[in-house]
Amino acid sequence: MAEAGCSNERVTNGELNEREKELDDGTGEKKEFVAPAVGMEFESYDDAYNYYNCYAKEVGFRVRVKNSWFKRNSREKYGAVLCCSSQGFKRIKDVNRLRKETRTGCPAMVRMRLADSKRWRVLEVMLEHNHSLGVKKYRPVKKVSTGNKRKSLSSSDAEGRTIKLYRALVIDSEGNGKSSLNARDVMNSSEHPDQLNLKRGDAQAIYNYFCRMQLTNPNFFYLMDLNDEGHLRNVFWVDARSRVSCGYFGDVVYIDNTYLLSKFEIPLVAFVGMNHHSHSVLLGCGLLAGETTESYIWLFKAWITCMSGCSPQTIITDRCRTLQDAIAEAFPRAHHCFGLSHIMKRVPEKLGGLRHYDALKKTFMKAVYDTLKVIEFEAAWGFMVQRFGVGNHEWLQSLYEDRVRWVPVYLKDTVFAGMSAARPGEILNPFFERYVHKQTPLKEFLDKFELALQKKHKEETLADIESRTVSPALKTRCSFELQLSKLYSKEIFKKFQFEVEEMYSCFSTTQIHADGPIIIFLVKERVMGESSRREIRDYEVLYNRTAGEVRCICSCFNFYGYLCRHALCVLNFNGVEEIPCKYVLPRWKKDYKRLYIPDHSSNDVDSTDHRKRFNQLYSSALQVVEEGVISLEHYSVALEAFEESLNRVREVEEKQA
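What you see is a predicted model, and the numbers here were worked out from it, not measured in a lab.

Some details on helix α1 (residues 45–59)
Its 15 residues give α1 an end-to-end C-alpha distance of 21 Å, which sits within 8% of 21 Å, the value for a rise of 1.5 Å per residue. In terms of residue burial, α1 counts as a mostly covered element, since 14 of its 15 residues are buried. At the C-terminal side of α1, G60 shows a positive phi close to 115°.

Some words on the nonpolar core
Within the largest apolar cluster, 81 residues are counted, with the highest numbers of intra-cluster contacts made by W237, F432 and F445. Among the elements that make up this core, the one with the highest residue count is helix α13 (residues 442–469) (6 residues). If we skip the residues at most four places from it in the chain, W237 touches Y209, F210, F220, F221, Y222, L268, G284, C285, G286, L287, F445 and F449. Counting 38 residues, the second-largest nonpolar core is a separate cluster that includes V281, I315, A326 and A334.

Overview of the UniProt feature "domain: SWIM-type" (unreviewed entry) in the protein
Per the UniProt record, "domain: SWIM-type" (unreviewed entry) is annotated on residues 539–575. Secondary structure content for residues 539–575 is 38% helix and 27% strand, while the C-alpha to C-alpha distance between its ends is 20 Å.

Quick word on the sheet that holds strand β16 (residues 518–528)
As a general point, the strands of a sheet are linked pairwise by backbone hydrogen bonds and lie either parallel or antiparallel. Read across the open sheet, the 4 strands follow the order β15-β16-β17-β18; overall the sheet is antiparallel. The open sheet is flanked by β15 (506–515) and β18 (549–552), the only strands paired with a single partner. On average, adjacent strands in this sheet sit at an angle of 25° to one another, irrespective of strand direction. Relative to strand β17 (residues 534–544), β16 runs antiparallel, the two being bridged by 11 bridges. Within β17, the residue paired with F521 across the bridge is V541.

Focus on the packing of helix α11 (residues 374–388) against helix α12 (residues 394–401)
It is at 13 Å that the axes of α11 and α12 come closest, and there the two elements cross at 170°. One finds that α11 runs roughly antiparallel with respect to α12. Residues F377, E378 and W381 of α11 form the contact with α12, whose participating residues are L396, L399 and Y400. Tallied by class, residues from the contact of α11 with α12 come to 5 nonpolar, no polar and 1 charged.

Re the environment of L299
Within the secondary structure, L299 sits in helix α6 (residues 293–306). Judged by relative accessible area, L299 falls into the buried class, the value being 0%. Discounting chain neighbours no more than four positions away, the residues touching L299 are V235, F236, V269, F271, G286 and L288.

What about the sheet that holds strand β10 (residues 252–256)?
One open sheet holds the 7 strands; their spatial order is β8-β9-β12-β11-β10-β13-β14, and the pairing between them is mixed. Both edges of this open sheet fall to β8 (221–226) and β14 (335–338), since each of them pairs with a single strand only. Strand-to-strand twist in this sheet, taken as the mean axis angle between neighbours without regard to direction, amounts to 20°. Where strand β11 (residues 268–274) meets strand β12 (residues 280–287), 7 bridges bridge the pair, whose relative direction is antiparallel. Bridge assignment links L268 to a residue of β12, and that residue is L287. Along the sheet, α6 contacts β8, β9 (232–238), β10, β11 and β12; its crossing angle with β9, the most-contacted strand, is approximately 30°.

Some points on the pairing of β9
Of all 7 residues that make up β9, 7 are buried, and the element is covered over most of its length. Pairing geometry for β8 and β9, over 6 bridges, is antiparallel. From the neighbouring strand, F221 faces β9, where its bridge partner is V238. Connecting the antiparallel pair β8 and β9 is a turn made up of 5 residues, with G230 showing a positive phi of about 85°. Pairing geometry for β9 and β12, over 3 bridges, is antiparallel. Residue pairing across strands places W237 opposite C285, the latter belonging to β12.

Focus on the confidence of the model for the protein
On average, residues of the protein score 80 in pLDDT, and 80% of them reach the 70 mark or higher. With pLDDT under 50 throughout, residues 1–32 is counted as low confidence; its partners more than four residues away or in other chains account for 101 contacts. Scored below 50 in pLDDT, residues 136–191 shows 147 contacts in the model against residues more than four places distant or in partner chains.

Here we look at unusual backbone geometry
Even without a glycine there, the phi angle at K263 is positive, about 60°. Locating K263 in the fold gives a position in the loop between α5 (258–261) and β11. With a phi angle near 50°, A417 is a residue other than glycine that sits in the positive phi range. Mapped onto the elements, A417 comes out in the loop between α12 and α13. What makes A417 buried here is its relative accessible area of 4%.

Focus on the environment of K118
Here K118 shows up in the loop between β6 (109–114) and β7 (120–126). With 76 residues separating them along the chain, K118 and F42 place their C-alpha atoms 9.2 Å apart.

Thoughts on a nonpolar patch on the surface
Where nonpolar side chains cluster on the molecular surface, the patch consists of V624, V625, V629 and F642 and spans about 300 Å² of accessible area. Inspection of the secondary structure puts F642 in helix α20 (residues 632–656).

Some remarks on α11
Under the 1.5 Å per step criterion, the end-to-end length of α11 is 21 Å for 15 residues, consistent within 8% with the ideal 21 Å. Within α11 the residues assigned to the buried category are F377, W381, M384 and F388. Along the axis of α11, the buried residues cluster in a sector spanning 60°; they form a single face. Opposite its buried face, α11 presents the exposed residues I375, Q386 and R387, each directed more than 90 degrees away. Here the buried face of α11 lies against α10 (357–369) and α12.

Quick word on the side chain of N219
Note on placement: N219 falls in the loop between α3 (202–216) and β8. What makes N219 buried here is its relative accessible area of 5%. A polar contact is formed between the side chain of N219 and the side chain of R243, at a distance of 3.1 Å.

Calculation criteria
- Residues numbered from 1 in each chain as written.
- Predicted model: local features only at pLDDT ≥ 70, side-chain atom pairs only at ≥ 80, totals over all residues.
- Heavy atoms only, no water.
- Helix = DSSP H or I, 4+ residues; strand = E, 2+ residues; numbered from the N terminus.
- Expected span 1.5 Å × (residues − 1).
- Buried < 20%, exposed > 50% of the residue type's maximum accessible area, 1.4 Å probe, protein only.
- Core = buried A, V, L, I, M, F, W, Y, C linked by side-chain atoms within 4.5 Å.
- Contact = heavy atoms within 4.5 Å.
- UniProt positions renumbered as here; feature names shortened; annotations may be inferred.
- Pairing = 2+ DSSP bridges.
- Axes fitted to C-alpha atoms, helices over the stretch in contact; angles between N-to-C directions.
- Parallel < 35°, antiparallel > 145°, perpendicular 65-115°, else oblique.
- Nonpolar A, V, L, I, M, F, W, Y, C, P; charged D, E, K, R; others polar.
- pLDDT = per-residue confidence, 0-100.
- Patch = residues over 30% accessible without salt bridge, like charges linked within 9 Å, V, L, I, M, F, W, Y side chains within 5 Å.
- Areas by Shrake-Rupley, 256 points an atom, 1.4 Å probe, with all protein chains shown as cover.
- Salt bridge = Lys/Arg side-chain N within 4 Å of Asp/Glu carboxyl O.
- Arc of directions from axis to C-beta.
- Polar contact = N/O pair within 3.5 Å; in protein donor to acceptor, adjacent residues only side chain to side chain.

Shown next as structure tokens:
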């Protein structure tokens, strides 16, 4: 057993009383230093050793290497125990030597091992000492290991990594900044644009949450980004269920930066999707130092890493130039759109002071919502500008320049899966709307975060059970309604059922053009117009009998994921009794998560990619867990299946032995 001395200047002993310790560097500033914990991971053995060595200096003891284990052939180190230098006792033959006895059988130690991920993981920790400790002396984090700072995340070197906890969390509890007397508790972001706005104790709250989640949530993933001084700048995390949801519902993503733009206490950015019950689902979270392109790019690449490199088809955001630039770089193949509801929410603020505001607003909304062709929108917009004299209005000018990203008539070929908010009154609500207000502190948010996810998961589980066990009541004799009542979840079926009912407001279906198998029909519908008067509107529907394709000019299918009343009328007119399978989206089916496991094909799994194998197995197991809690009978069957599977896996290992 080799004894290891400190590589830097040795310091006198201190005393460890608690996990969160306040340290003084001589300038009067308080620091936080994180004690070792099970689940910590390090990029190398040297990183782990240097961390424990410097932690020992802060607390006031010296470190020895008690044990080391090496692979027989390569001599590569794969395990070690680091302990206090007072561990153990003198050997019997050394008792009579004049040198003073310093060993006390101290139990303080950390045991770590090289994990399959090629990182060193802490497996066991003892913090208590049985002897007195000396005076603590703080050393700047950059002296721990300056060569190991994480400056930014790239797709090549960040994949599958967990950032070194000890470097990320040795942070000033007051933001590493000089605070004025009027703002001692809160760091001013404008003065510190390159580091996260943290209050006293926030760093420890983040650390506690991440440690707890790593121990209780096997597929929990997080990354941290440090600036050049080693201060925490950006954070990203996603729990196990959200990672699984990414595979199911990550095709269309709403990136919600409401809290960051509105200067909330917590600079939160959330990745949100929509599940098969039309409920919002969380796909990841981040805390950013500021609204910079670099911070957004780091966050997006961190999310791509947890998604195993997959990219969404469509991304919806607020109008923000820095966000737009970052998405163009991180998601070059995705269709980036601006949330229409966000723009409509700003209409009173931006236009409220103008003359004839009410008439202007009505004309604006009519141009956006009621036009079916680009030429119609351009004419309606031009009429609005000319009538109200708003040609030089800066906000309206900028909206017009960005029209292809938010006006529905330009987005008909974009898949939204129900997140388009393309109809009046539809909005994209923040995921944490009922849990976070402007002054919510970070520590309170982390507690509410788990409650919010638990509530959302419970809602989804109950909706799953209801969709599978309760048959919806039919309201018509239409075969389309009967067909999808057997397939779709309750909430999605209700939306489709409304379209079936509204087929009866369409009173005429007429062929107006034919070109080989492609026929264009005109469907007339009575709609509610101004002053609650009924108006007749014309909808063109393209139908290809040979290819089984139907497409309405309203583009309901791309916006919401199911066929509209106009397309259904054309199918019915042509004697079609079942909706073609291409228009029955699997993501809306009541048993979607039973039928579809993301990346489940074993042929696609790289035999050396441990992380991908883990993700796929975890996704499969989570299905069994979710359905196993429905009843005691379900639980017994699931438990028996797990035990049987474990025995079969162990048989493989025994055969290879």
